[in-house]
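Listed below are the residues making up each chain.
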2 protein chains.
Amino acid sequence: MEVLKQNFLELFPKIQQAVQEADFVAIDTELTGLQPIKSRLFFLDSPQQRYSKLRHAANSFLVIQFGLCTFTWSREKNGYISKPFNFYVFPGSVLGESGGNERTFLCQSGSLEFLSGCNFDFNKMIASGIPYVNRAEELALKARRENEANNPDIPIDDNNRDFFEQTKVLIDTWLQDSTEKALEVPAGNGYLRRLVYQIVRNNYNGFVSAQKKDRNIEIVKLSVEEKDKNAQDADNREAEFSKMVNFSSVIQLMIDAQKPIVGHNCFLDMCHTMRHFVDDLPLHVKEWKNALQNLWSLVIDTKHIANQHPTLQPLIQNQPSAGSTALSDLTALVQQEPFLSAIPDIDFDPEFTRYSTSDSPHYHEAGYDAHCTGVVFLRLTHYLLSQEEFPVTNVSKALLTSPALTSYYNKLNLMRSDLKTLNLTGAEEAPEPRATHFILTSIPPNFRNNDLQGLFEHLGTVSIHWVDDWTCCIALHDETKVAQMPVGRLGDARNEVVEEDGEIQESKPSDNIVIHTYADWWNQILFDVENASPAVHRKRPPFDPASVDRNSKVRRLG
Amino acid sequence: MEVLKQNFLELFPKIQQAVQEADFVAIDTELTGLQPIKSRLFFLDSPQQRYSKLRHAANSFLVIQFGLCTFTWSREKNGYISKPFNFYVFPGSVLGESGGNERTFLCQSGSLEFLSGCNFDFNKMIASGIPYVNRAEELALKARRENEANNPDIPIDDNNRDFFEQTKVLIDTWLQDSTEKALEVPAGNGYLRRLVYQIVRNNYNGFVSAQKKDRNIEIVKLSVEEKDKNAQDADNREAEFSKMVNFSSVIQLMIDAQKPIVGHNCFLDMCHTMRHFVDDLPLHVKEWKNALQNLWSLVIDTKHIANQHPTLQPLIQNQPSAGSTALSDLTALVQQEPFLSAIPDIDFDPEFTRYSTSDSPHYHEAGYDAHCTGVVFLRLTHYLLSQEEFPVTNVSKALLTSPALTSYYNKLNLMRSDLKTLNLTGAEEAPEPRATHFILTSIPPNFRNNDLQGLFEHLGTVSIHWVDDWTCCIALHDETKVAQMPVGRLGDARNEVVEEDGEIQESKPSDNIVIHTYADWWNQILFDVENASPAVHRKRPPFDPASVDRNSKVRRLG
């Protein structure tokens, strides 16, 4: 069901009912872009670095379509009923405030082209997208309105003082001498018009109204009744503002209803959802995890389940798109055995015909993707439940409570990362160890790949991945050399050699380099994230490796 | 005439002919936004500050529609023929390079809504916009292609070494043992596919081809003829690249033809046109003026003529939209006397029916606005020529050469600025003096409005406008106090008082403040711009007042 600015209020009760009745709600977002140029994802990102990059993305790009699909167990049908809502959203100059909510935002041309290829309607987005502001933005708008209402006078500059005085005299004379109900006052630009409004507002005790008419201002004498009606209208406009159309109220429904939220690869979706529809994003990943848990105590990422659950791995590896956990591939996979027979039917509610009556899939329409995400979730988890030794009696309850499943919940998949997940409810798990990988810290400035290669040439070919300007990861190609890597401060290792030889060597710039095993480095990173206080973090923001120009360094050796 | 990616090559000769035959070319652009939040225009912007802000805008936002309208004098018709071309443009992932030309760019929601209200078709823009790159971007793309062609191998990481070796063996075995013409090699992700291409490219001497087929790579044995044809195709693709569809070639036509360019309020248009379709923008305004003059020796801004030509002022002031020089108001104005009878007919070429057959105007469609700009130019200037004492014999030549007009050419209108124009061919003219305005420099850090008010309380009410963190403009409301303003270093003025009194006072933080008359300050600014060497400029970029948070200071006194 498509929801636009024009039918939002009418459909709101239907959305509310669907959310309140649901067993869970699946979501998806379409965005104007994925990552800003300077915050590309990196496989050694710490949880804080990764979150900072996604936070940057959510602060830069916009959500332009939101998919919400409710799934409800039906005893009658002995199956699930799906209600997919597809919302076009756009933070336009809305709320009766022309320009009041103007947003300057980033787009990636490739993302727009991709969506255009999926029949995304950009004209509809701009003309009919449901407006939105988060709490912080709404407060700022309200403050601005109050400020304008209480303190509306603008300074009169020297050039326009004459205009101001003459207009005042013109209106005064007309009120005294004329029987005409209306007077047109010329005011050729916005500044002059504001001055005329100011004159009318601050004099005449409300018995005169002013309204733009072409390039003039029309001044009208009011009767007592008209004056009172005018005041009433202003009050109504204020009341309108608090009832303004705002897509955030749909997210508030989902928060109030406390239903489990299911997404596919949804870390970025959740960042955008919070940023645009709830509140500004905190700086620290731990604060963000707490804030998200306060909104929804159960968030499920189907990509994490598909990537990590051992029972599913052989089935996913053997599918035609070997190993892929893309939403479309998983959707195809769960329409086959053994998933098909493990689960009751999933049917669209009869009112929701957009996807049920169409022959071709609508991938990358947010409402359709949300539906597919819910279907994948149901089929994967029902299959996993069916593999349990003890038969499950209440399926729709077991889905959310069975220990076989819940250890995979509240964990968000991390893309292109050695760290597989972000754990919303506890400490992060370190990645699988990599024996051949070592992390070097405190690398002197201007050290380049060939300097590092020189240091380790006795260890054979190495690959070098820079983490930031003074940190890199070195991977040995020859596993048999791992034991020869001098873990610890490089100078100390050298000094040992010196002592044995008895020769005294000068200290070298490389002496301060510290070599960590891959496992030790991650343990330190994860300890820091778990124990960083937000205040400390604010003083020292995480280093952004992408901000450094290292073209000259990114050369492969060997 | 609408020009899209699909009909661009077909229509190109028609565009070329129109430009080459034209007396002048009028242009207009539609953009994704006007000014980034942190570079709002300010009435005391120096030419360098103003240019820096527009340069920032051109580097942030995109041109999404370009209007080009040629005007040609027709002896037969004894009138002008207009050919308006309206180009949708979009810098997509084009040139046969998926993702090769991805652009991350800014939008203002209000600008998009405004264009949407004018029937701008955003779906058409994305799906059919003519791609573009400037010279710098084209060179970067070519370098990347050459780099990829010459040095295409990617490193094989440890996890995929087995895959690499096994795939090589698989293909070798198949070539030796099998009679099948094709072999499908599984390769589940982009990295693995690149490895398979690498194997095929570096072995088998071109007698094997590789192509993606679903998620596999299909390997095919080639005959000698097929191998040769393959090599030929690759050459053709390279040739295609150099003939790629690029909207910049239309701008190159305009440069090659050296026709006068006419725009309305076109400083920002010219910045965008150079940035997106010619080359990256220089840092310094003087360099930019030189670069623009090198492209087009004659650029005419109709808004400057309308705002500044004294003969036009009474006519513009007396129109219904008193004093407005907005394009739509001027277009309406010049359709009346005295403009109407001063000029021959202006007709659309019969092939250009979009605007001639429509009842309603198409304002803010770039092709239409370009047409209107040309019409305004012709009617204003013909009227001005008709006011000359000596009758003009060759109108279309006099238009570009009459001294009554040419002093208004090569000058671009500056919006919201005391400086009225940017002079493309010489030094800037200082603004009209303002006797009540003074500029204070070297204001101590943390000085606020009330500190300044305290200093000048004997001068009555003042308005304070901050220029940057240490510079502000103070306007006296009381003209009679102007002579009491102590121009020069404030401490020196105090010391004079001290000497007269005979009392010794401690030096104050405000002593270093220097007070300039408005005229002196502008003279210094304009001298600096004229004499700044680009090298000096690069070391000390102009201060951006918007980068300073001065909310606490922006309070009005008095």
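An unreviewed UniProt entry annotates chain A as CAF1-domain-containing protein of Basidiobolus meristosporus CBS 931.73.

> What's the story with the relation of the copies chain B and chain A in this structure? I'm lost.
A rotation about some axis, followed by a shift along it, carries one copy of the chain onto the other. Placing chain B over chain A gives an RMSD of 0.1 Å and needs a rotation angle of 180°, together with 0.0 Å of translation along the axis. Expressed as a symmetry operation, the mapping of one chain copy onto the other fits a two-fold axis. Judged by C-alpha distance, Leu106 of chain B is the residue of chain B that lies nearest the rotation axis, at 2.2 Å. The overlap is high: 100% of the interface residues of chain B also sit at the interface in chain A, so the same surface is used on both sides.

> Is there a simple way to explain the sheet that holds strand E18 (residues 514–517) of chain A in this structure?
Strand pairing within a sheet occurs via backbone hydrogen bonds; the two strands may be parallel or antiparallel. Residues and elements named next belong to chain A. If you trace the 5 strands from one edge of the open sheet to the other, you get E15-E16-E14-E18-E17, paired in antiparallel fashion. Looking at strand neighbours, the two that pair on one side only are strand E15 (462–468) and strand E17 (488–489), the edges of this open sheet. Sheet topology note: the strand E14 (residues 437–441)/strand E16 (residues 471–476) ladder contains 4 bridges and is antiparallel. Across the sheet, Phe438 pairs through a bridge with Ile474, a residue of E16. Its contacts with the sheet put helix H20 (residues 518–531) on E14 and E18, and the angle it makes with E18 is roughly 90°.

> What's the story with the packing of helix H2 (residues 47–60) of chain A against helix H10 (residues 267–277) of chain A in this structure? I'm lost.
Helix-helix packing is described using two parameters, namely the angle between the two axes and the distance between the axes. Residues and elements named next belong to chain A. Between H2 and H10, the shortest axis-to-axis distance is 9 Å and the interhelical angle comes to 50°. Put simply, H2 runs oblique to H10. In terms of crossing hand, the pair formed by H2 and H10 is right-handed. Here H2 contributes Arg50, Tyr51, Leu54, Ala57, Ala58 and Asn59 to the contact with H10, which in turn contributes Phe267, Leu268, Cys271, His272, Arg275 and His276. Taken together, the residues of the contact of H2 with H10 sort by class into 7 nonpolar, 3 polar and 2 charged.

> Honestly, the pattern of salt bridges in this entry has me stumped. Any pointers?
Close approach of charged atoms lets side chains of opposite charge pair. Scanning all chains against the criterion turns up 26 salt bridges over all chains. We note a salt bridge from Lys14 of chain A to Glu351 of chain A, for which the minimum N-O separation is 2.8 Å. Residue Lys14 of chain A is found in helix H1 (residues 8–21), and its partner Glu351 of chain A is found in the loop between strand E11 (345–348) and helix H15 (366–386); the two are separated by 337 residues along the sequence. For Glu351 of chain A, a relative accessible area of 45% corresponds to the partly exposed category. Close ionic contact of Glu137 of chain B with Arg275 of chain B constitutes a salt bridge, the shortest N to O distance being 3.2 Å. With a gap of 138 residues between them, Glu137 of chain B in helix H5 (residues 135–150) and Arg275 of chain B in helix H10 (residues 267–277) connect regions that are remote in the sequence. Note on accessibility: Glu137 of chain B and Arg275 of chain B belong to one class, buried. Connected via shared salt-bridge partners are Asp45, Arg50 and Lys53 of chain A.

What counts and what doesn't
- Residues numbered from 1 in each chain as written.
- Chains lettered and ligands numbered in written order.
- Predicted model: local features only at pLDDT ≥ 70, side-chain atom pairs only at ≥ 80, totals over all residues.
- Heavy atoms only, no water.
- Least-squares fit on C-alpha atoms with pLDDT ≥ 70 in both.
- Contact = heavy atoms within 4.5 Å.
- Pairing = 2+ DSSP bridges.
- Helix = DSSP H or I, 4+ residues; strand = E, 2+ residues; numbered from the N terminus.
- Axes fitted to C-alpha atoms, helices over the stretch in contact; angles between N-to-C directions.
- Parallel < 35°, antiparallel > 145°, perpendicular 65-115°, else oblique.
- Left-handed = near helix turned anticlockwise from the far one by under 90°.
- Nonpolar A, V, L, I, M, F, W, Y, C, P; charged D, E, K, R; others polar.
- Salt bridge = Lys/Arg side-chain N within 4 Å of Asp/Glu carboxyl O.
- Buried < 20%, exposed > 50% of the residue type's maximum accessible area, 1.4 Å probe, protein only.

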